[in-house]
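What follows is each chain in one-letter form.
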Amino acid sequence: MTTDKGSTAGAGDRPVRVRYAPSPTGYLHIGGARTALFNWLFARRFGGSFVLRIEDTDVSRGKEGSVEGMTRGFKWLGLDWDEGPEKGGPYGPYFQSQRGHLYKEAALQLVESGTAYYCYCTVEELAERREAARREGRPPRYDGRCRHLSLEEQRRLEAEGRQPAIRLVVPDEGATAYEDIIRGPVSFENSTIDDLVLVRSDGMPTYNFACVVDDHNMAISHVIRADEHISNTPKQLRIYQALGWEPPRFAHVPMILAPDRSKMSKRHGATSVEEYRDLGFLPEAVVNYLAFLGWTPEGESEFLNVEQMFPQFALEDVNRGAAIYDLAKMQWVNAHYLRSMDVREITRRAVPFYIKEGLLAEAPDGEAFDWLVKVVAAMRERVKTLAELPPATSYFFADQFDYEEKAWQKYFAGDRRDQTVKVLTQARDLLASIDDFTIENTEAGYRKLVEDLGISGGDLFHPTRVALSGRTVGPGLFDVITLLGRRRCVERLDRAIRKAGAV
């Protein structure tokens, strides 16, 4: 295979129709989601159609619930398909298992034209020949022995009980070339391409054959897929040529690799879209991050919403090299969206995580929701995902909590205990006396108390935070104080003072 820099892609004369065609063997993983996103952005840029097609002819590999899992992933990301499962469309059905008549018609056309033939070789015979070729240092290529069988020979083999497959005639010489929108000119020597099996002996179409028949019958204009399919493209082009059909344009996007440049796996973190949802990532952030995994838009901003991506997205701007997955970068992007999106919307999305943690029994409304919004607003600058919000703010919901051991020892034990008890006792009386319990009033009272006692701010602020939350870090102290309210602050200060005095 040889490659060179590609040329500009355009909509051309054909209406833009792209497809994402997964096998139902699992859920929507991060690499598949990125490929689907590129298809979706390309379709939206040119006012075209994005088709979701399920390639489910290999029943043995199918997993129950996979289609539902994939469509949930699409919906969560906001990738709306124009045709496919749940929606239908003029080119349906959208499951390959329901399109068998189309494959049979195309296969018969090829056999009748002499560009395909019946092959009676068994799986065992083919395996033996491949092994012999390897031993002799020859490419393990099908030798074409069934290409010119007479009708009498075919009947004899069928009488033995052999069920034929159908193979495509591939020339031994020359090359099959195409212009890849991302990778440029690509060429494969025909001598490296087998006489492809189009239909197996059990009557089921192979991936490459069904893919061509479906893409043609669905009027697909551009095939945008992972670069692991590059070796399939010349095979599919041979099928297009044999059938006399115009092929779509091809674009192969780079793989997503783990930080160590190995294949992505569970050990590198979440791999399915729904796992990222459950980890508290925002779909807008995931889409933003995935778009930038291999695509370089104009400008320097690292944050684009889909409306900003539509007019900019171009396959020519997709990198040819592999993209490197970086969880820390993804969390950074997500943190940006947590800080910048409407806080009430962020709160609404955080509610299921609070319920899961047992901090809320049900979704709050009215004043309860307004209070939760304030809690989230105070903390969202300090977390990277929605799932981090409940544990980071749990002390707002439960009055009984443990104190961080190091913090307790530092402020409430040893030589500093008596001073801490003294200043917190006065702080407790101060807060109990404030009628208008606002950030401004509580902060003003605290700063005056620091001045009156002749101590540093840290001598009062730090032990107060530990007494109120059990922690040394969190939102602004006076945000914590006002969110807890006067009664709860007084009770928590009393609790810490009693515990320190009992030591």
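What you see is a predicted model, and the numbers here were worked out from it, not measured in a lab.

*Asks:* Sorry, what's going on with the packing of helix 16 (residues 417-433) against helix 18 (residues 457-469) here?
*Replies:* The relative placement of two packed helices is expressed as an angle between their axes plus a distance between the axes. Viewed as axis vectors pointing N to C, helix 16 and helix 18 meet at an angle of 80 degrees, and their least axial separation amounts to 10 Å. Put simply, helix 16 runs roughly perpendicular to helix 18. The residues of helix 18 that touch helix 16, namely those facing Gln419, Thr420, Val423, Leu424 and Ala427, are Asp459, Leu460, Pro463, Thr464 and Ala467. Of the residues in the contact of helix 16 with helix 18, the class split is 6 nonpolar, 3 polar and 1 charged.

*Asks:* Any chance you could explain the environment of Asn441 here in plain terms?
*Replies:* Relative to the assigned elements, Asn441 resides in helix 17 (residues 439-453). The class for Asn441 is partly exposed, based on a relative accessible area of 33%. Apart from residues lying up to four places away in sequence, Asn441 is in contact with Ile434 and Asp436.

*Asks:* Looking at this structure, I do not really get the pairing of strand 9 (residues 222-226). What am I missing?
*Replies:* Within a regular beta strand, the side chains point alternately toward one face of the sheet and then the other, so they alternate between its two faces. By the criterion of burial, strand 9 is predominantly enclosed, with 5 of the 5 residues buried. The parallel pair strand 9 and strand 10 (residues 249-253), bridged by helix 7 (residues 232-243), forms a crossover whose chirality is right-handed.

*Asks:* It is not clear to me how the pairing of strand 5 (residues 165-168) should be interpreted in this structure. Could you clarify?
*Replies:* Neither face of strand 5 is open: one carries Ala165 and Arg167, the other Ile166 and Leu168, and all of them are buried. Across 2 bridges, strand 5 lies against strand 8 (residues 197-199) in antiparallel orientation. Paired with Arg167 across the two strands is Val197, which belongs to strand 8.

*Asks:* I tried to follow the nonpolar core on my own but got confused; where do I start?
*Replies:* In globular proteins that are soluble, nonpolar side chains generally tend to be buried together. Core analysis: the largest hydrophobic core is formed by 109 residues, its most contacted members being Tyr446 and Leu460. Broken down by element, the residue count for this core peaks at 11 residues, all from helix 19 (residues 477-502). Residue contacts for Tyr446: discarding those within four places in its chain leaves Ala427, Leu430, Leu431, Leu460, Phe461, Thr464, Leu477, Phe478 and Ile481. Counting residues in hydrophobic clusters, the runner-up holds 33 residues, among them Leu102, Val186, Leu198 and Leu243.

*Asks:* Which parts of the structure should I look at to understand the sheet that holds strand 5?
*Replies:* Each strand in a sheet pairs with another by means of backbone hydrogen bonds, the pair being arranged parallel or else antiparallel. With respect to topology, 3 strands assemble into an open sheet ordered 4-5-8, the strand pairing being antiparallel. Two strands bound the open sheet, and with one partner strand each, they are strand 4 (116-119) and strand 8. With direction set aside, neighbouring strand axes in the sheet form an average angle of 40 degrees. Sitting on the sheet, helix 3 (residues 100-113) is in contact with strand 4, strand 5 and strand 8, with an inclination near 100 degrees to strand 4.

*Asks:* Please clarify how the pattern of salt bridges should be interpreted in this entry.
*Replies:* Proximity of charged atoms lets side chains of opposite charge pair with each other. Counting across every chain of the model gives 39 salt bridges. One salt bridge in this structure joins Arg147 and Asp195, with 2.7 Å as the shortest N-O distance. Placement of Arg147 in the loop between helix 4 (123-135) and helix 5 (151-159) and of Asp195 in the loop between strand 7 (184-189) and strand 8 is noted, with a sequence separation of 48 residues between them. Residue classification places Asp195 among the buried positions, given a relative accessible area of 3%. Between Asp452 and Lys448 there is a salt bridge, with its nearest N and O atoms 3.0 Å apart. Of this pair, Asp452 and Lys448 are both found in helix 17, 4 residues apart, which corresponds to roughly one turn of the helix. The same class applies to Asp452 and to Lys448, which are both exposed.

*Asks:* I'm lost on the side chain of Thr385 in this one. Help?
*Replies:* As for its placement among the helices and strands, Thr385 is situated in the loop between helix 13 (366-379) and helix 14 (389-393). We classify Thr385 as buried; its relative accessible area is 4%. Those residues in contact with Thr385, other than ones at most four positions away along the chain, are Leu279, Gly280, Phe281, Asn334 and Leu338.

*Asks:* What is the right way to look at the packing of helix 9 (residues 283-291) against helix 11 (residues 327-340) in this model?
*Replies:* The geometry of helix 9 relative to helix 11 is characterised by a closest axis approach of 9 Å and an angle of 135 degrees between their N-to-C directions. Taken together, the axis directions place helix 9 and helix 11 in an arrangement best described as oblique. For the element pair helix 9 and helix 11, the recorded crossing hand is right-handed. Between helix 9 and helix 11, the residues in contact are Glu284, Ala285, Val286, Asn288 and Tyr289 and Lys329, Met330, Val333, Asn334 and Tyr337, respectively.

*Asks:* Sorry if this is basic, but what is going on with the side chain of Thr206 here?
*Replies:* Topologically, Thr206 is positioned in the loop between strand 8 and helix 6 (207-217). For Thr206, a relative accessible area of 11% gives the class buried. In contact with Thr206, not counting residues within four places along its chain, are Val197, Leu198 and Arg200.

About the criteria used
- Residues numbered from 1 in each chain as written.
- Predicted model: local features only at pLDDT ≥ 70, side-chain atom pairs only at ≥ 80, totals over all residues.
- Heavy atoms only, no water.
- Axes fitted to C-alpha atoms, helices over the stretch in contact; angles between N-to-C directions.
- Helix = DSSP H or I, 4+ residues; strand = E, 2+ residues; numbered from the N terminus.
- Parallel < 35°, antiparallel > 145°, perpendicular 65-115°, else oblique.
- Contact = heavy atoms within 4.5 Å.
- Nonpolar A, V, L, I, M, F, W, Y, C, P; charged D, E, K, R; others polar.
- Buried < 20%, exposed > 50% of the residue type's maximum accessible area, 1.4 Å probe, protein only.
- Right-handed = clockwise from strand over helix to strand, strands pointing away.
- Pairing = 2+ DSSP bridges.
- Core = buried A, V, L, I, M, F, W, Y, C linked by side-chain atoms within 4.5 Å.
- Salt bridge = Lys/Arg side-chain N within 4 Å of Asp/Glu carboxyl O.
- Left-handed = near helix turned anticlockwise from the far one by under 90°.

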